[in-house]
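Listed here are the chains, written in short residue letters.
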Amino acid sequence: MEALVCGAGGFIGHHLVKRLKREGWFVRGVDLKYPEFEETLADDFVIGDLRDASLCRDLVKPGCRVFQLAADMGGAGYVFSGENDAVIMHNSATINLNMLEACRLKGIGKIFFSSSACIYPAYNQQDPDNPVCSEDSAYPAQPDSEYGWEKLFSERMYFAYARNFGLDVRIARFHNIFGPLGTWQGGREKAPAAMCRKIAAADDGGELEIWGDGEQTRSFLYIDECLDGIFKLMASNWSGPVNIGSEEMVSINQLAEMVMAIAGKKLRIVHVDGPQGVRGRTSDNRLIEAKLFWKPQQSLENGLVPTYAWIAEQWKAGRK
Ligand code: NAD
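In this report, we go over the structure that sits alongside the text. (Residues numbered from 1 in each chain as written. Predicted model: local features only at pLDDT ≥ 70, side-chain atom pairs only at ≥ 80, totals over all residues. Heavy atoms only, no water.)

1. Some words on the overall build of the chain
Definition in use: Under the DSSP-based scheme used, a helix requires at least four consecutive residues in state H or I and a strand at least two consecutive residues in state E, with every element numbered from the N terminus. Each radius of gyration is computed over the set of C-alpha atoms, and the globule rule expresses the reference value as 2.2 Å times the number of residues to the power 0.38. Per-residue accessibility, obtained with a 1.4 Å probe over protein chains only, is compared with the maximum for each type, and a residue is labelled buried under 20%, exposed over 50%, and partly exposed between these values. Here, two residues are considered to be in contact whenever any of their heavy atoms come within 4.5 Å of each other. Per-residue accessibility takes into account occlusion by the displayed protein chains alone, with areas from the Shrake-Rupley method and a 1.4 Å probe.
Helices and strands together make up the secondary structure of the chain, namely ten helices and 13 strands. Taking 20 Å as the expected radius of gyration for a compact globule of 320 residues, we find that the chain reaches 19 Å, a close match to that expectation. Oriented by its inertia axes, the alpha-carbon framework of the chain measures out at about 60 × 45 × 40 Å. The burial tally for the chain puts 56% of its 320 residues in the buried class. Long-range contacts, defined here as pairs at least 24 residues apart, represent 78% of the contacts in the chain between residues at least 6 apart. Surface exposure of the chain reaches about 13,600 Å², of which carbon and sulfur atoms provide 50%.

Written out as structure tokens, the structure is:
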């Protein structure tokens, strides 16, 4: 079996390449860059820009499975500042337009697209204790970021290609995936990585800065579990969008306490201004459990242990 992984230099794409190789696939990866922290295991790795339609057509080979994870993305600092909106929308939409058209031209059967929990309406995520993120709550649409609007537009385009041209599409809405080998500094890192870095860098008894009051809630899914979900989805006949996330919802303050306990440090939390996104968000796994018999197998804390260890090691090694 041959797979094309778009975004193979990124966090999830790199882990996906490793898993596909372990399972015996021939893997071609493509990205603007090589994976940052480890050599790729892909049989062929193309450095290229998927905004280039002719490159997309060259990469897609008849009979291969396509995993489209490339996107212009980042954590709250990148997505919610407002400064990157046009670039995010233009880049990611162009990649998806190109990949779909390349798949249509090459008669590709199955394509996976990584959508996001960011597509869910802001009006359903104002109560930190009771956010609504069931798949059928996506409309009437009101994502809280242009990143979310692009994902929603692209979801619709994937489904339109499925209806009109017979593409077999699989769409996952990821909810905060984390783990080792992910971006942990520089402004594009997500909350768990940022928390691990700040705590690794602080002296015991020092201060820990958190954006907002820290009462905003989220759930986080460990990377290995996310890969299990992708494989289950690709192997299934379920063609609607599904959440791939965890239902273990914590506040950002609780996340901080968890990481401090793992690190064996006690820091004083200081709340500062910063982009926060919606007040509450967690995965709703009823649909994926019913259709794919998938649910996360381990706790958030279990996943944070290796993640903290890896980020603390990066920090100590002075990787900047
Ligand atoms: P990532 O940023 O680590 O990986 C995305 C990769 O796409 C990067 O390596 C980037 O270089 C590449 N890319 C961007 N523009 C490109 C272009 N023009 N040509 C070729 N490559 C390009 O992100 P990730 O965390 O691995 O996320 C993978 C996918 O999952 C993305 O589509 C993202 O939107 C989606 N997603 C991730 C999360 C999460 O928590 N990590 C949550 C929801 C959705």
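2. As for the site of the ligand
Formally: Near residues are defined by distance, with any heavy atom within 4 Å of the molecule or strand qualifying the residue. Within 3.5 Å is the distance limit for a polar contact, defined as a pair of N or O atoms, with the added protein rule that one can donate a hydrogen and the other accept it, and that residues adjacent in sequence qualify only through two side-chain atoms.
Taken together, 26 residues sit near the ligand, with Ile-12, Asp-31, Tyr-147, Ile-177 and Lys-190 positioned nearest. In the environment of the ligand, an oxygen atom lies 2.6 Å from a nitrogen or oxygen atom belonging to the side chain of Tyr-147. Here an oxygen atom of the ligand sits 2.7 Å away from a polar atom, N or O, in the main chain of Ile-177. Relative to its unbound accessible surface of 810 Å², the ligand loses 92% to contact with the protein. Breaking the shell around the ligand down by element, the ones donating at least two residues are α1 (11–22), β5 (110–116) and α5 (146–165).

3. Quick word on the packing of aromatic side chains
This is how it is decided: In summary, the pairing rule links any two rings of Phe, Tyr or Trp, Trp by its six-membered ring, whose centres are within 6.5 Å, and it sorts them by plane angle into stacked for under 30 degrees, edge-to-face for over 60 and tilted for everything else.
The full count for this structure, using the stated rule, is eight aromatic pairs. Judged by centre distance (6.2 Å) and plane angle (40°), the ring pair of Phe-67 and Phe-112 falls under tilted. A residue pair is termed long-range when its members are at least 10 positions apart, and Phe-67 in strand β4 (residues 65–68) and Phe-112 in strand β5 qualify at 45 residues. When the ring of Phe-113 is compared with that of Tyr-158, the centres are 4.4 Å apart and the planes differ by 10°; the resulting orientation is stacked.

4. Concerning the sheet that holds strand β3 (residues 44–47)
Test applied: Whether two strands pair depends on DSSP finding at least two bridges between them. Here an axis means a line fitted to C-alpha atoms, over the contact stretch when the element is a helix, while the angle between two N-to-C directions is reported on a 0 to 180 degree scale.
Judged by pairing direction, the sheet is parallel, and its seven strands sit side by side in the order β3-β2-β1-β4-β5-β6-β11 without closing on themselves. Looking along the sheet, the strands with just one partner apiece sit at the ends: β3 and β11 (242–244). Taken pair by pair, the neighbouring strands of this sheet meet at an average axis angle of 20°, ignoring direction. Where strand β1 (residues 2–6) and strand β2 (residues 26–31) come together, five bridges link them in parallel fashion. Within the sheet, the bridge partner assigned to Ala-3 lies in β2 and is Val-27. Here helix α4 (residues 85–106) sits on the sheet in contact with β1, β4 and β5, set at roughly 175° to β4.

5. Focus: the packing of α4 against α5
What counts here: Note on angle classes: values under 35 degrees are labelled roughly parallel, values over 145 roughly antiparallel, values of 65 to 115 roughly perpendicular, and the remainder oblique. Left-handed describes a crossing whose near helix is turned anticlockwise from the far helix by less than a right angle; the clockwise case is right-handed.
Between α4 and α5, the least distance of the axes is 9 Å, while the angle of their chain directions is 15°. When the axes of α4 and α5 are compared, the pair comes out roughly parallel. The handedness of the crossing between α4 and α5 comes out as right-handed. Listed contacts from α5 to Asp-85, Ile-88, Met-89, Ser-92, Ala-93, Asn-96, Leu-97, Leu-100, Glu-101 and Arg-104 of α4 are Glu-146, Tyr-147, Trp-149, Glu-150, Phe-153, Ser-154, Met-157, Tyr-158, Tyr-161 and Phe-165.

6. Points about the pairing of β4
The sheet contact formed by β1 and β4 spans four bridges and is parallel. Directly across from Leu-4, in β4, lies its bridge partner Val-66.

7. Some points on helix α10 (residues 300–316)
Operational definition: The span expected for a helix works out to 1.5 Å for each residue beyond the first.
With 17 residues, α10 ought to run about 24 Å at 1.5 Å a step, and its terminal C-alpha atoms sit 24 Å apart, in line with that. Within the span of α10, buried status applies to Leu-300, Gly-303, Leu-304, Thr-307, Tyr-308, Trp-310, Ile-311, Ala-312 and Gln-314. Within two residues after α10, Gly-318 carries a phi angle of roughly 75°, on the positive side.

8. Quick notes on the pattern of salt bridges
Note the cut-off: Definition used for salt bridges: Asp or Glu carboxyl oxygen within 4 Å of a side-chain nitrogen of Lys or Arg.
Tallying each qualifying case throughout the model produces 16 salt bridges. The closest approach of N and O atoms between Asp-72 and Arg-188, which form a salt bridge, is 3.2 Å. Of this pair, Asp-72 sits in the loop between β4 and α3 (76–79) while Arg-188 sits in the loop between β7 (177–178) and α6 (191–201); the two residues are 116 residues apart in sequence, bridging distant segments of the chain. Each of the salt bridges in this network shares a partner with another, and the network as a whole consists of Glu-2, Arg-28 and Asp-44.

9. Some points on the nonpolar core
Applied cut-off: The definition of a nonpolar core used throughout is a set of buried Ala, Val, Leu, Ile, Met, Phe, Trp, Tyr and Cys residues joined through side-chain atoms within 4.5 Å. Residue ranges assigned to the domains are those given by an automatic or database domain assignment.
Phe-67 and Phe-174 are the most contacted members of the largest nonpolar core, which totals 59 residues. The dominant element in this core, judged by the number of residues it contributes, is helix α7 (residues 223–235), at seven residues. Inspection of this core shows a minimum of three residues originating in each of domain 1 (2–177 + 222–244) and domain 2 (183–219 + 249–280 + 298–314). Those residues within four positions of Phe-174 in sequence are excluded, and the remaining contacts are Ile-12, Leu-69, Phe-112, Ser-114, Ser-115, Ser-116, Ala-117, Cys-226, Ile-230 and Ile-244. Core analysis: the next-biggest nonpolar cluster, separate from the first, contains 27 residues, Leu-50, Cys-64, Ala-70 and Ala-102 among them.

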